[in-house]
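Residue-level structural notes
Letter by letter, the chains look like this.
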Amino acid sequence: MSRLPIAVIGAGLIGMTHIDRALKSPDVKLAGIADPTPAAADFARSIGVPCFPDYQSLLAATQPKGVIVATPNVTHAQITVDCLERGAAVLVEKPIADTLADGRRICEASRATGLPVLVGHQRRHNPIMRKAKAIVAAGTLGRPVSATVMCTWLKPRDYFDVAWRREPGGGPILINLIHDIDLMRHLYGEIDSVQALASSAVRGFGVEDTAVVALRFRSGALGTVTVSDTAAAPWNWDLAAGEAERFPRQDINAHFYSGTEGSLTLPRLEVWRYRQDQGPAQGWHDPLTMERTALHIGCPYTEQIRHFAALIEGHEAPVCSAQDGFRTLEATLAVTQAAKTGSAVSLPA
Ligand SMILES: NC(=O)c1ccc[n+]([C@@H]2O[C@H](COP(=O)([O-])OP(=O)(O)OC[C@H]3O[C@@H](n4cnc5c(N)ncnc54)[C@H](O)[C@@H]3O)[C@@H](O)[C@H]2O)c1
């Protein structure tokens, strides 16, 4: 199979990860990059790939079949819609957009052009999550009861030298919690309503540094999430799952899913159940067993690119479609609203 020509718009922190994975991919060929910075132009020259200061010139000159949009959130909708209208499928970084109106624009453009959009919730492509999804889908946990999720860590002081990270919208709810909410939706289905408290007591910035969230799933299951970027703590997906080399991996769990028949911890993939060979369990007096699946570590960004190529070819359906990414954004923005108003926020059916 010949490699599909793709382009990357935005060669910043995460754009460089996509570029690296695209260069190593047997499925795609990097046709070009768009980014206005001299650093991006220098880098593109060093790898022999054309670089354009504006994305319209990139699209016109390279005519890619797929585009990875890795620019700031506020630009996602316009760039994604323009790419779709020029006939390219899009992998847009998370969040799909920074407002619901812009998220809808992307969903509508995908529908109107018939071209797929994949939202960059890369954790769904992690082999750990694939296995977790299979365990839950097989009914191993029985009826979902609760999800308890931790997203606590310490961002270094200089992280906040950038002004937007100190202002509303730049905090751990939209940057980090959105990934956890996406995983919770992926495993337990749609969220019905959310309640939340947020605090900026430690850093004193205009944006939250800590939040606690209670949510109700459509199934009736309940969930809680604690998110903080000012806690000297290891309990979060990034450190526990070891998805990025820049974080020291910790062999711990950060997510706990419980059901009427069993429970699942992540990312260690431990399934806790009553023994299956001694008849129906009576309850907490009986011994529990724990079975752990040990998987090969896989890079979710590499797998995401492979999937993107398969999506462009029409061989696979999107693991996280525009509509799916929109629902995750909707639930995450509801957390901010619930924290602000002190009231529960119901999500549309
Ligand atoms: N999936 C993840 O885990 C993850 C991690 C980090 C960031 N992100 C998301 O990726 C996006 C980018 O974040 P980042 O941290 O890489 O930001 P960044 O600031 O490091 O990089 C953004 C790049 O986009 C370029 N850019 C801005 N406007 C442009 C335009 N109109 N055309 C072309 N290039 C343009 C900038 O010059 C910059 O190089 C955000 O949406 C963010 O939420 C996702």
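For clarity, every value in this text was computed on a predicted model and none was experimentally measured.

About the criteria used
- Residues numbered from 1 in each chain as written.
- Predicted model: local features only at pLDDT ≥ 70, side-chain atom pairs only at ≥ 80, totals over all residues.
- Heavy atoms only, no water.
- Helix = DSSP H or I, 4+ residues; strand = E, 2+ residues; numbered from the N terminus.
- Rg over C-alpha atoms; globule rule 2.2 N^0.38 Å.
- Buried < 20%, exposed > 50% of the residue type's maximum accessible area, 1.4 Å probe, protein only.
- Contact = heavy atoms within 4.5 Å.
- Areas by Shrake-Rupley, 256 points an atom, 1.4 Å probe, with all protein chains shown as cover.
- Lys, Arg positive; Asp, Glu negative; His and termini not counted.
- Charge placed at Lys NZ, Arg CZ, Asp CG, Glu CD.
- Near = heavy atom within 4 Å.
- Polar contact = N/O pair within 3.5 Å; in protein donor to acceptor, adjacent residues only side chain to side chain.
- Nonpolar A, V, L, I, M, F, W, Y, C, P; charged D, E, K, R; others polar.
- Domains from an automatic or database assignment.
- Buried area = accessible area lost by both parts, 1.4 Å probe.
- Salt bridge = Lys/Arg side-chain N within 4 Å of Asp/Glu carboxyl O.
- Pairing = 2+ DSSP bridges.

The next subject is the overall build of the protein. Tallying secondary structure elements over the protein gives ten helices and 15 strands in all. In terms of overall size, the protein behaves like a compact globule, its C-alpha atoms giving a radius of gyration of 21 Å where 349 residues would be expected to give roughly 20 Å. In terms of its C-alpha atoms, the protein occupies a principal-axis envelope of roughly 70 × 50 × 40 Å. Buried positions account for 50% of the 349 residues belonging to the protein. Within the protein, counting contacts between residues at least 6 apart in sequence, those at least 24 apart form 66% of the total. Here the protein displays about 15,800 Å² of accessible surface, and carbon together with sulfur accounts for 55% of that area. Across the protein, 34 positive and 35 negative side-chain charges occur, with their mean positions spaced 2 Å apart.

Lining the immediate environment of the ligand, one finds 23 residues, of which D35, N73, H76, K94 and Q122 sit closest. A distance of 3.0 Å separates an oxygen atom of the ligand from a polar atom in the backbone of L13. A distance of 2.9 Å separates an oxygen atom of the ligand from a polar atom in the backbone of K94. When the ligand is considered free in solution it has 850 Å² of accessible area, and contact with the protein chains removes 76% of it. Counting residues per element, the ones that place at least two in the shell around the ligand are α1 (13–24) and α4 (76–85). The class makeup of the residues in the shell around the ligand is eleven nonpolar, nine polar and three charged.

Partitioning the protein into structural domains gives domain 1 (4–115) and domain 2 (124–298 + 330–346). Look at where the C-alpha atoms of domain 1 and domain 2 centre, and you get two points 29 Å apart. Opposite the five residues of domain 1 that make contact, domain 2 presents seven residues. On the domain 1 side of the interface with domain 2, the three residues burying the most area are K94, P95 and L100, jointly 60% of the side's total. Counting across the domain 1 and domain 2 interface gives one salt bridge. Between R21 and E245 there is a salt bridge whose closest N-O contact spans 3.8 Å.

On to the environment of G204, then. For G204, the location among the structural elements is in the loop between β8 (191–199) and β9 (210–217). The exposure class of G204 is exposed, given its relative accessible area of 56%. Distance from G204 to K133, taken between C-alpha atoms, is 39 Å for residues 71 residues apart in sequence.

Bridge count between β8 and β9: eight bridges; the pairing is antiparallel. Bridge pairing in β9 links S199 to T210. Both β8 and strand β15 (residues 345–346) contribute to a ladder of two bridges, which runs antiparallel. When the sheet's bridge partners are listed, S193 is paired in β15 with S346.

On to unusual backbone geometry. Cis geometry is adopted by the peptide bond preceding P95, which originates at K94 and carries an omega value of -10 degrees. Its place among the elements puts P95 in the loop between β5 (89–93) and α5 (100–113). The step from L266 to P267 runs through a cis peptide bond, and the omega angle for that step is 5 degrees. If you trace the backbone, P267 turns up in the loop between β12 (263–266) and β13 (270–274). Residue Q63 is not a glycine yet carries a positive backbone phi of 45 degrees. Its location among the elements puts Q63 in the loop between α3 (55–62) and β4 (66–69). With a phi angle near 55 degrees, L269 is a residue other than glycine that sits in the positive phi range. Its location among the elements puts L269 in the loop between β12 and β13. Overall, the relative accessible area of 1% leaves L269 in the buried class.

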